[in-house]
Amino acid sequence: MKRISGKQHFCFFLALVVLTACLGSGAAHIRQGDRLRSKGELVKARVEYRQAVKADPQNADYKKRIDALDSEMDERAADAVADAKALQRKGQWLAAAEKYEIAAKYKPYDSDMKAHRALSELKSKGLDQQAWYDALQTLHRNLSDNKIVKGALAKARKKAYQE
């Protein structure tokens, strides 16, 4: 039987350490994600869960956690939007903008949340027609692909030409 040299033993040990680290990294991200989720930091928790899936794409539990977290974030965003709409009906535009900001936190890539927040904030300022139109043009430059902003700008433009 051939004896393993010290160098071979070290290489084997190093490979084992690396393999163990790779296998455990998904679990470490899940643990960190769970800690963040328990503290209410759902967006950060989602990043950790995504890292876990990246480390171990075949792990169905990791994918289930992301799905459950996405559902929770969707629910919280929907609650914030419902609150914002109720505040808008009461004319409480700045408070509505704050609720849309909360919704945007749970849906960071949803430009509609950003648009609603910005529009509510602008309405809270009580701008005259020209200032409203100018503010919408600026907002349109920042959110040029957003249908809500495009619609508000079109209405403001139409109203400006009627007078």
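An account of the accompanying structure is given in this report. (Residues numbered from 1 in each chain as written. Predicted model: local features only at pLDDT ≥ 70, side-chain atom pairs only at ≥ 80, totals over all residues. Heavy atoms only, no water.)

**Let's talk about the overall build of the protein chain**
Move 1: Broken down by element type, the protein chain carries seven helices and zero strands.
Move 2: Helices and strands appear in the protein chain in the N-to-C order α-α-α-α-α-α-α.
Move 3: A sequence separation of at least 24 residues applies to 42% of the contacts in the protein chain between residues at least 6 apart.
Move 4: Accessible area of the protein chain: about 11200 Å², with a carbon and sulfur share of 55%. (Helix = DSSP H or I, 4+ residues; strand = E, 2+ residues; numbered from the N terminus. Contact = heavy atoms within 4.5 Å. Areas by Shrake-Rupley, 256 points an atom, 1.4 Å probe, with all protein chains shown as cover.)

**Quick word on helix α4 (residues 93-106)**
Move 1: A rise of 1.5 Å per residue sets the reference length of α4, with its 14 residues, at 20 Å; its end C-alpha atoms lie 20 Å apart and thus fit the reference within 8%.
Move 2: Buried within α4 we find Ala96, Ala97, Tyr100, Ala103, Ala104 and Tyr106. For α4, the buried positions fall inside an angular range of 165 degrees around the axis, keeping them on one side.
Move 3: Those residues of α4 that are buried are in contact with α2 (42-55), α3 (60-89) and α5 (111-124). (Expected span 1.5 Å × (residues − 1). Buried < 20%, exposed > 50% of the residue type's maximum accessible area, 1.4 Å probe, protein only. Arc of directions from axis to C-beta.)

**Here we look at the environment of Asp70**
Move 1: Tracing the backbone through its elements, the reader meets Asp70 in helix α3.
Move 2: Residue class for Asp70 comes out partly exposed when judged on its relative accessible area of 21%.
Move 3: Between the C-alpha atom of Asp70 and that of Arg46, which follows or precedes it by 24 residues, the distance is 8.0 Å.

**Side note on the pattern of salt bridges**
Move 1: On inspection of all chains with the given rule, the structure shows ten salt bridges.
Move 2: Between Lys44 and Glu41 there is a salt bridge; the shortest N-O distance is 3.4 Å.
Move 3: A salt bridge links Lys99 to Asp83; its shortest N-O distance comes to 3.8 Å. Here Asp83 lies in helix α3 and Lys99 lies in helix α4, a separation of 16 residues in the sequence.
Move 4: A residue is classified by how much of its surface remains accessible, and Asp83, at 37% relative accessible area, is partly exposed.
Move 5: Several salt bridges converge on common partners, so that one network encompasses Asp34, Asp61 and Arg65. (Salt bridge = Lys/Arg side-chain N within 4 Å of Asp/Glu carboxyl O.)

**Looking at the packing of α4 against α5**
Move 1: Where α4 contacts α5, the axes come no closer than 8 Å and their chain directions differ by 165 degrees. On the basis of their axis angle, the class for α4 and α5 is roughly antiparallel. In this structure, the crossing between α4 and α5 has a hand that is left-handed. Residue-level inspection shows Trp93, Leu94, Ala96, Ala97, Tyr100, Glu101, Ala103 and Ala104 of α4 in contact with α5, the latter providing Met113, His116, Arg117, Ser120, Glu121, Lys123 and Ser124.
Move 2: Residue composition of the contact of α4 with α5, by class: eight nonpolar, three polar and four charged. (Axes fitted to C-alpha atoms, helices over the stretch in contact; angles between N-to-C directions. Parallel < 35°, antiparallel > 145°, perpendicular 65-115°, else oblique. Left-handed = near helix turned anticlockwise from the far one by under 90°. Nonpolar A, V, L, I, M, F, W, Y, C, P; charged D, E, K, R; others polar.)

**So, α3**
Move 1: Between the first and last C-alpha of α3 there are 43 Å, a value that for 30 residues agrees with the 44 Å anticipated at 1.5 Å per step.
Move 2: Taken as a whole, α3 has its buried residues at Tyr62, Ile66, Leu69, Met73, Ala77, Ala80, Val81, Ala84, Leu87 and Gln88.
Move 3: The opening residue of α3 is Asn59, an N-cap whose side-chain oxygen sits 2.9 Å from the backbone nitrogen of Asp61.
Move 4: Of the residues trailing α3, Gly91 is marked for its positive phi of about 80 degrees. (Polar contact = N/O pair within 3.5 Å; in protein donor to acceptor, adjacent residues only side chain to side chain.)

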